[in-house]
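The residues making up each chain are set out below.
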Amino acid sequence: MPSFKIDVSTAVVFVATAPVPKLVSKQTGEIAVDRETGAKLVTVGLLISDEGEGSLYQVTIPETGVPETLTPGTPVSVIGLKARDWENEFNGQKRHGLAFRAVAITSGV
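What you are looking at is a predicted structure, and each value in this text was computed from that prediction instead of being measured.

> Looking at this structure, I do not really get the overall build of the chain. What am I missing?
What the chain contains, in helices and strands, is zero helices and eight strands. The dimensions of the chain, computed from C-alpha atoms along their principal axes, are 40 × 30 × 25 Å. Across the 109 residues in the chain, those meeting the buried criterion constitute 28%. Partitioning the contacts of the chain with sequence separation of at least 6, the portion at a separation of at least 24 is 57%.

> Teacher, can you tell me more about the nonpolar core here?
Across soluble globular proteins, nonpolar side chains show a tendency to be buried alongside one another. Core analysis: the biggest nonpolar cluster contains 19 residues, and Leu46, Val78, Leu81 and Ile105 have the highest contact counts within it. Of all elements in the fold, only β2 (12-21), β3 (41-50), β4 (53-62) and β5 (76-79) reach the threshold of two or more residues within this core. When sequence neighbours within four positions are dropped, the list of residues in contact with isoleucine 105 reads Val44, Leu46, Ile61, Gly65, Val66, Pro67, Leu70, Ser77 and Val78.

> Quick question: what am I supposed to make of the pairing of strand β6 (residues 82-90) here?
Bridging between strand β1 (residues 3-5) and β6 involves three bridges; their strand directions are antiparallel. Paired with serine 3 across the two strands is arginine 84, which belongs to β6. Here β6 folds back onto strand β7 (residues 93-101) in antiparallel fashion, the turn holding two residues, of which asparagine 91 has a positive phi close to 50 degrees.

> Can you walk me through the sheet that holds β2 in this structure?
Picture the strands of a sheet paired through backbone hydrogen bonds; they go either parallel or antiparallel. Strand order in this open sheet of six strands is β1-β6-β7-β4-β3-β2, and the pairing throughout is mixed. The outermost strands of the open sheet, each flanked by one partner alone, are β1 and β2. Each adjacent strand pair in this sheet contributes to an overall mean axis angle of 35 degrees, direction not counted. In this sheet, β7 lies alongside β6 in antiparallel orientation, the contact comprising nine bridges. Bridge pairing in β7 links asparagine 88 to arginine 95.

> Honestly, unusual backbone geometry in this entry has me stumped. Any pointers?
Residues apart from glycine generally show negative phi values, whereas peptide bonds are mostly found in trans. Of note in this structure, glutamate 51 is not a glycine but carries a positive phi near 55 degrees. Summarising the element assignment, glutamate 51 is placed in the loop between β3 and β4. Look at asparagine 91: it is not a glycine, yet its phi comes out positive at around 50 degrees. Mapped onto the elements of the fold, asparagine 91 is located in the loop between β6 and β7. Classification of asparagine 91 as exposed rests on a relative accessible area of 69%.

> Help me understand the environment of valine 78, please; the structure alone is not making it clear to me.
Looking at the secondary structure, you find valine 78 in strand β5. In this structure the C-alpha to C-alpha distance between valine 78 and valine 59, which are 19 residues apart in sequence, comes to 10.0 Å. With near-sequence residues (within four places) excluded, valine 78 lies in contact with Val8, Val13, Leu46, Ala102, Ala104 and Ile105.

> I tried to follow a nonpolar patch on the surface on my own but got confused; where do I start?
A contiguous nonpolar patch, built from Val12, Phe14, Leu47 and Leu56 and spanning about 330 Å² of accessible area, is present on the exposed surface. By the element assignment, leucine 56 lies in strand β4. You can call leucine 56 exposed: its relative accessible area is 52%.

Here is what the cut-offs are and how they apply
Note that residues are indexed from 1 along each chain, following the sequence as it is written. Local features in this predicted model are restricted to residues whose pLDDT is 70 or higher, and side-chain atom pairs enter the listing and the counts only when it is 80 or higher, whereas totals over whole chains, interfaces and linings include all residues. The basis for the side-chain values is all heavy atoms of the structure; hydrogens and waters are excluded. Segments assigned H or I by DSSP are reported as helices when at least four residues long, segments assigned E as strands when at least two residues long, and all are numbered from the N terminus. Buried, partly exposed and exposed residues are distinguished by accessible area as a fraction of the type maximum, computed with a 1.4 Å probe on protein chains only: under 20%, between the cut-offs, and over 50%, respectively. We call two residues in contact when some of their heavy atoms are within 4.5 Å. Each nonpolar core is a collection of buried residues, namely Ala, Val, Leu, Ile, Met, Phe, Trp, Tyr and Cys, held together in the definition by side-chain atoms within 4.5 Å. If DSSP finds at least two bridges between two strands, the strands pair. To obtain each axis, a line is fitted to C-alpha atoms, and for helices this fit is confined to the stretch in contact; angles are then taken between N-to-C directions over 0 to 180 degrees. The patch calculation keeps residues exceeding 30% relative accessible area without a salt bridge and links them within 9 Å when they carry like charges or within 5 Å when they are nonpolar (Val, Leu, Ile, Met, Phe, Trp, Tyr). Working definition of accessibility: Shrake-Rupley area with a 1.4 Å probe, residue cover restricted to the visible protein chains. Here, a salt bridge means any Lys or Arg side-chain nitrogen found within 4 Å of an Asp or Glu carboxyl oxygen.

Below is the structure:
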């Protein structure tokens, strides 16, 4: 499915939740990896505020693109943020939504 670039150049972005490993399966604890680079993936909660509106997004980022010192409340810059729609079926019920992915985040603005 295609992905779409998201322009956050005028937004204020803060870490809302610290990075946690993105799991392929909660039962096995297997950590997801980037298909292109093989880097482990993490999920970070980001509060993105722009034009008077703020929203919390769970963003998947390669572990190599996340500073180790990241803590909630830290202002960050987001590099290469994209959104992609998804759909799956689980136990006979269809689900759909948006997945957010970035190349990296850096501390500071």
